[in-house]
Amino acid sequence: MNQNIKILHIDGNHPLLWEQLQQAGFTNHEDFKSSKEEVEAKIHDYQGIVIRSRFKIDKTFLDKATHLQFIARVGAGLESIDCEYAIAKGIHLIAAPEGNRNAVGEHALGTLLSLMNKLNKADKEIRSGHWNRESNRGHELDGKTVGIIGYGNMGKSFAKKLRGFDVDVLCYDILDDVGDENESVRQVSLEKLQKEADVLSLHIPWTSETDKMVNADFINAFAKPFWFINTSRGKNVVTDDLVSALQSGKILGAALDVLEYEKLSFETLFEGEKPAAFDYLLHAENVLLTPHIAGWTVESKEKLAQTIVDKILKLYK
């Protein structure tokens with residue numbers, strides 16, 4: 001039966017994905033170089049497509065995919081897909097947030113500790129020949145209140161990593177009853193989180209509701225200055241407002257794995273003149289920047305692929 005299912009892979013992934021689908025009887029084809037238009041011209045031949053983030057799967061693409069049964073994205077989010085239109089056409093959507101949630105949780109904790117203890121700043125100074133102790137006095141995480149916005153796979157993974165610290169963990173989510181009382185994570189209103197948090201970590205998708213969510217009004221609603229971690233999506237944050245808050249001291253430091261300026265493919269930042277806010281981030285000592293790698297580990301590459309395989313096999317079981 002599966003040999004009648006042709007799958008087009010348009011991004012490279014861990015080889016186990018291809019191998020296990022082939023072993024299960026599916027027919028695999030790859031095309032890592034053709035333009036979106038060229039792929040559209042032949043997508044009617046396929047029942048499945050496996051992507052990361054090479055291009056957006058929009059209505060035009062879906063209208064040409066007349067035999068498509070599933071879209072599998074080897075990643076956590078589905079914002080590069082017109083999900084509503086795909087579902088209306090009876091296409092199954094598959095993502096793999098389980099595959100890189102541990103990596104994201106570890107990355108968020110690692111960057112938070114680096115930020116609070118000024119590790120990146122101190123390392124840079126020593127390499128420049130400066131031995132500054134007092135100016136690199138850090139802050140301890142114990143005793144702080146950590147606020148997590150978005151308590152799904154990623155938010156829960158970060159909370160799990162915090163268990164070894166004497167911290168109060170609060171979560172806010174659009175869904176009810178997602179908190180883990182037995183894990184000492186309390187679900188609260190956004191207002192209560194903003195009142196109590198010393199640290200804010202974002203773990204939310206990019207949607208019309210979360211676009212530019214972290215703006216001046218949102219930041220100023222926090223009662224205390226706070227550290228800010230973003231491993232979700234760059235466009236959830238208004239970078240100009242973030243920079244203003246860093247300058248005023250309302251945000252004590254920021255660890256940013258994602259940026260507002262990223263292209264949809266996540267492979268590049270921007271073309272042309274560098275935005276002034278980004279230039280500030282590049283030179284700020286209390287800012288830690290990484291190139292969208294929170295979920296990008298050796299282990300997660302394999303786990304993401306395995307999760308996708310398992311879900312495709314379950315679909316056709």
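It should be emphasised that the depicted structure is a prediction, and the values quoted were computed from it without experimental measurement.

**Describing the overall build of the chain**
The helix and strand inventory of the chain stands at 12 helices and 12 strands. Relative to its length of 317 residues, the chain is compact, with a C-alpha radius of gyration of 21 Å against a globular reference of 20 Å. Dimensions of the chain along its principal axes, counting C-alpha atoms only, are 65 × 50 × 35 Å. In the chain, which comprises 317 residues, the proportion classed as buried is 48%. Partitioning the contacts of the chain with sequence separation of at least 6, the portion at a separation of at least 24 is 60%. Accessible surface computed for the chain: about 15900 Å², of which carbon and sulfur atoms make up 50%. Here the chain contributes 38 positive and 47 negative side-chain charges, whose respective centroids are spaced 2 Å apart.

**Some points on the packing of aromatic side chains**
Tallied over the entire structure, the rule returns 6 aromatic pairs. Between Tyr 261 and Phe 278, the aromatic rings sit 5.8 Å apart at their centres with planes inclined by 70 degrees, giving edge-to-face as the arrangement. Of this pair, Tyr 261 sits in the loop between strand E11 (251–256) and helix H11 (276–283) while Phe 278 sits in helix H11, and the two are 17 residues apart along the sequence. On the basis of relative accessible area, Phe 278 is assigned to the buried category, the value being 6%. When the ring centre of Tyr 85 is taken as origin, the NZ or CZ atom of Lys 59, which lies over that ring, is 5.3 Å away.

**A short note on the sheet that holds E11**
If you walk across this open sheet you meet the 7 strands as E8-E7-E6-E9-E10-E11-E12, and the pairing is parallel. In the strand order of this sheet, the two ends are held by strand E8 (185–187) and strand E12 (287–289), each with one partner. Averaged over all adjacent pairs, the angle separating strand axes in this sheet is 20 degrees, with direction ignored. Sheet topology note: the E11/E12 ladder contains 3 bridges and is parallel.

**Let's talk about the nonpolar core**
Taken as a class, soluble globular proteins show a tendency for nonpolar side chains to be buried jointly. Within the largest apolar cluster, 30 residues are counted, with the highest numbers of intra-cluster contacts made by Ile 149, Leu 193, Leu 200, Phe 218, Phe 228, Leu 242 and Ile 251. For this core, the elements supplying multiple residues, two or more each, are helix H8 (190–196), strand E9 (199–202), helix H9 (216–220), strand E10 (226–230), helix H10 (239–248), E11 and H11. A per-element tally of this core places H10 first, with 4 residues. Counting 22 residues, the second-largest nonpolar core is a separate cluster that includes Leu 115, Tyr 151, Ala 159 and Val 169.

**Some points on helix H1 (residues 15–23)**
Within H1, the full set of buried residues consists of Leu 16, Leu 17 and Leu 21. For H1, the angular spread of buried residues about the axis comes to 125 degrees, placing them on one side. Looking at the buried side of H1, the elements it contacts are strand E1 (6–9), strand E2 (27–30), strand E3 (48–51) and helix H12 (298–315). Of the residues one or two after H1, Gly 25 is the one with positive phi, at around 100 degrees.

**A few points about the layout of surface pockets**
Over the atoms a probe the size of a water molecule is rolled, and this reveals where empty space is left. As a volume, the second largest pocket reaches approximately 240 Å³. Considering the residues around the second largest pocket, the lining is formed by Asn 120, Lys 121, Lys 124, Glu 125, Leu 281, Leu 282, His 283, Ala 284, Glu 285, Val 287, Leu 288 and Leu 289. For the lining of the second largest pocket, the leading source of residues is helix H6 (residues 119–127), giving 4 residues. Looking at the lining of the second largest pocket, its residues break down into 6 nonpolar, 2 polar and 4 charged.

**Digging into unusual backbone geometry**
Across the chain, the bulk of peptide bonds are trans and the bulk of non-glycine residues have phi less than zero. Positive phi is not limited to glycine here, since Asp 177 has a value of about 55 degrees. Take Asp 177: it is sitting in the loop between strand E7 (168–172) and E8. Phi at His 292 takes a positive value of approximately 55 degrees, unusual for a residue other than glycine. Summarising the element assignment, His 292 is placed in the loop between E12 and H12. Residue classification places His 292 among the buried positions, given a relative accessible area of 18%.

**What to know about empty space enclosed by the protein**
Following the criterion strictly, the structure yields 1 cavity of 30 Å³ or more and no others. Its boundaries defined by the atoms lining it, the largest cavity holds a volume of some 40 Å³. Of the residues belonging to the lining of the largest cavity, the class tally is 5 nonpolar, 3 polar and 1 charged.

Thresholds, definitions, all that
Residues numbered from 1 in each chain as written. Predicted model: local features only at pLDDT ≥ 70, side-chain atom pairs only at ≥ 80, totals over all residues. Heavy atoms only, no water. Helix = DSSP H or I, 4+ residues; strand = E, 2+ residues; numbered from the N terminus. Rg over C-alpha atoms; globule rule 2.2 N^0.38 Å. Buried < 20%, exposed > 50% of the residue type's maximum accessible area, 1.4 Å probe, protein only. Contact = heavy atoms within 4.5 Å. Areas by Shrake-Rupley, 256 points an atom, 1.4 Å probe, with all protein chains shown as cover. Lys, Arg positive; Asp, Glu negative; His and termini not counted. Charge placed at Lys NZ, Arg CZ, Asp CG, Glu CD. Phe/Tyr/Trp six-rings, centres within 6.5 Å; stacked < 30°, edge-to-face > 60°. Lys NZ or Arg CZ within 6 Å of the ring centre and 35° of its normal. Pairing = 2+ DSSP bridges. Axes fitted to C-alpha atoms, helices over the stretch in contact; angles between N-to-C directions. Core = buried A, V, L, I, M, F, W, Y, C linked by side-chain atoms within 4.5 Å. Arc of directions from axis to C-beta. 1 Å grid on protein atoms, 1.4 Å probe; cavity = no way out; pocket = protein on both sides within 12 Å on 5 of 7 lines; lining within 4 Å. Points joined across faces, edges and corners; volume = space filled by probe spheres on them. Nonpolar A, V, L, I, M, F, W, Y, C, P; charged D, E, K, R; others polar.

In short, geometric facts, not functional conclusions.
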